[in-house]
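Geometric and topological summary
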Amino acid sequence: MAAQILDGKALSQQVREEVKVEVDKLVAQGVQPGLHVVLVGEDPASAIYVRNKGKACEKVGINGVTHKLPEETSEADLLALLNQLNSDPEVDGILVQLPLPKHISEEKVNAAMDPARDVDGFLPVNLGKLLIGRHGLVACTPAGIMRLIDASGIDYKGKRAVVIGRSVIVGKPTALLLMERHASISICHSRTHDLAQRAAEADILVAAIGRAKMIKGDWVKEGAVVIDVGMNRDEDGKLCGDVDFAEASEKAAWITPVPGGVGPMTIAYLLRNTVIACCARRGLPAPFVYR
Ligand code: GUN
């Protein structure tokens, strides 16, 4: 039986509407959340991502500001800008678009950023809070993944969840969030033995490994929820995920498409994090119950 689609486009629209309701309430109190995005260099994909973030802010009433810096910007100048943003009371969220040019240390940039404004949820303080079960700002893609899985209606308790990919920004935080919901987790990766068999045991399978159509039909358990974080090009140059959608959707009960699955959720959760950061920083009540 063909799987049902977890529609990230529609669900992200719902999240954006929830965010807009909260922004409207804040604006009525004289507070406009502000998100500052810093782009260094001319990477065309990054330029598109940053433009989309700006447009998304505008649609929900967040004051989105983009700082475009030339490729040759020195590390010291970038750190100085971050310092300035850290002390500006109107700046609720700061996002430094990655990848950075090679001469700039990501570690130093992270160290210079105020964790209360880390709407990416990438800083050690926020990742550490997630580890000990106290939410700070949760990374946008993992938070969006959880919302997609929620939409399947699956009861996480005791289920086997397999995350393929161990990145700090997707694989690890997603596994922690799944564990928090009482799933039993395995984190697999390119060096895992018998990867296909491990994947095929999963009630919830999250693929974040970055290889086009790697997850075949026989890697998927009958009735599983399959979340595809991949964003790759296939042999014809067409956008595709880490999952072979045609094969996997014959086995799964629920599956995310690429495009239109996880991608739109990431940006919606960035907006949501900006509102969360805004309220926390300004001593206002938390606008969302985390989930
Ligand atoms: N580059 C690609 N995706 C992201 C993201 O989610 N956050 C940042 N900061 N950079 C990115």
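Provided above is the structure to which this section pertains.
This text gives an overview of the structure that appears in the document. Note that the structure is predicted; figures quoted are calculated from it, not measured.

Remarks on the environment of glutamate 106
On the secondary structure map, glutamate 106 appears in helix α4 (residues 106-112). It is 41 Å that separates the C-alpha atoms of glutamate 106 and glycine 223, two residues lying 117 residues apart in sequence. Not counting residues within four places of it along the chain, the set of residues in contact with glutamate 106 comprises Leu98 and Leu100.

Here we look at helix α2 (residues 44-60)
With 17 residues, α2 extends 25 Å from end C-alpha to end C-alpha; this agrees with the ideal 24 Å at 1.5 Å per step. Restricting attention to buried positions, one finds in α2 the residues Ser46, Val50, Lys53, Ala56, Cys57 and Val60. Looking straight down α2, one finds that the buried residues subtend no more than 120 degrees of arc, so they occupy a single side. Turned more than 90 degrees away from the buried face of α2 sit Pro44, Glu58 and Lys59, all of them exposed.

With respect to the site of the ligand
Inspection of the region around the ligand gives Leu95, Val96, Gln97, Leu98, Asp120 and Phe122 as its neighbouring residues. Take valine 96: an N or O atom from its main chain is 2.8 Å from a nitrogen atom of the ligand. In this structure, leucine 98 approaches the ligand through a main-chain N or O atom, which is 2.8 Å from a nitrogen atom. A per-class count over the shell around the ligand returns four nonpolar, one polar and one charged.

Let's talk about the sheet that holds strand β4 (residues 93-96)
Overall, parallel pairing links the three strands, which are arranged β3-β2-β4 in an open sheet. Bordering the open sheet on either side are β3 (63-69) and β4, each of which pairs with just one other strand. Averaged over all pairs of adjacent strands, the angle between their axes in this sheet comes to 15 degrees, without regard to strand direction. As paired elements, strand β2 (residues 34-40) and β3 share seven bridges and run parallel to each other. Directly across from valine 38, in β3, lies its bridge partner histidine 67. Sheet strands in contact with helix α3 (residues 75-86) are β2, β3 and β4, and its direction is about 180 degrees off that of β2.

Digging into the environment of isoleucine 276
Tracing the sequence through the fold places isoleucine 276 in helix α10 (residues 262-281). Measuring from C-alpha to C-alpha, the distance between isoleucine 276 and isoleucine 104 comes to 29 Å, with 172 residues separating the pair along the chain. Setting aside residues no more than four positions away along its own chain, isoleucine 276 makes contact with Leu137, Pro287 and Phe288.

Procedures and definitions
Starting afresh in each chain, residues are numbered from 1 along the sequence in its written order. The predicted nature of this model means local features are confined to residues of pLDDT at least 70 and side-chain atom pairs, given and counted, to a pLDDT of 80 or more, with totals for whole chains, interfaces and linings taken over all residues. Heavy atoms throughout the structure, all of them, feed into the side-chain values; hydrogens and water do not. What counts as a helix is a DSSP run of H or I of at least four residues, what counts as a strand is a run of E of at least two, and both are numbered from the N terminus. Pairs of residues are marked as contacts when any of their non-hydrogen atoms sit within 4.5 Å. Under the convention used throughout, the expected extent of a helix is 1.5 Å for every residue step, that is, one less than its residue count. Whether a residue is buried, partly exposed or exposed follows from its accessible area with a 1.4 Å probe, protein chains only, as a fraction of its type maximum: under 20%, in between, or over 50%, in that order. Read the arc as the range of directions from the helix axis to the C-beta atoms. Throughout, the term near means that a residue has one or more heavy atoms lying within 4 Å of the molecule or strand in question. Counted as a polar contact is a pair of N or O atoms within 3.5 Å, where, for protein atoms, one must be capable of donating a hydrogen and the other of accepting one, and residues adjacent in sequence contribute only when both atoms are in side chains. Under the scheme applied here, ten amino acids are nonpolar (Ala, Val, Leu, Ile, Met, Phe, Trp, Tyr, Cys and Pro), four are charged (Asp, Glu, Lys and Arg), and all others, including Gly, are polar. Between any two strands, at least two bridges found by DSSP are needed for them to pair. Here the axes come from fitting lines to C-alpha atoms, over the contacting stretch only for helices, and the angles between their N-to-C directions go from 0 to 180 degrees.

That's the geometry; what it means functionally is another story.
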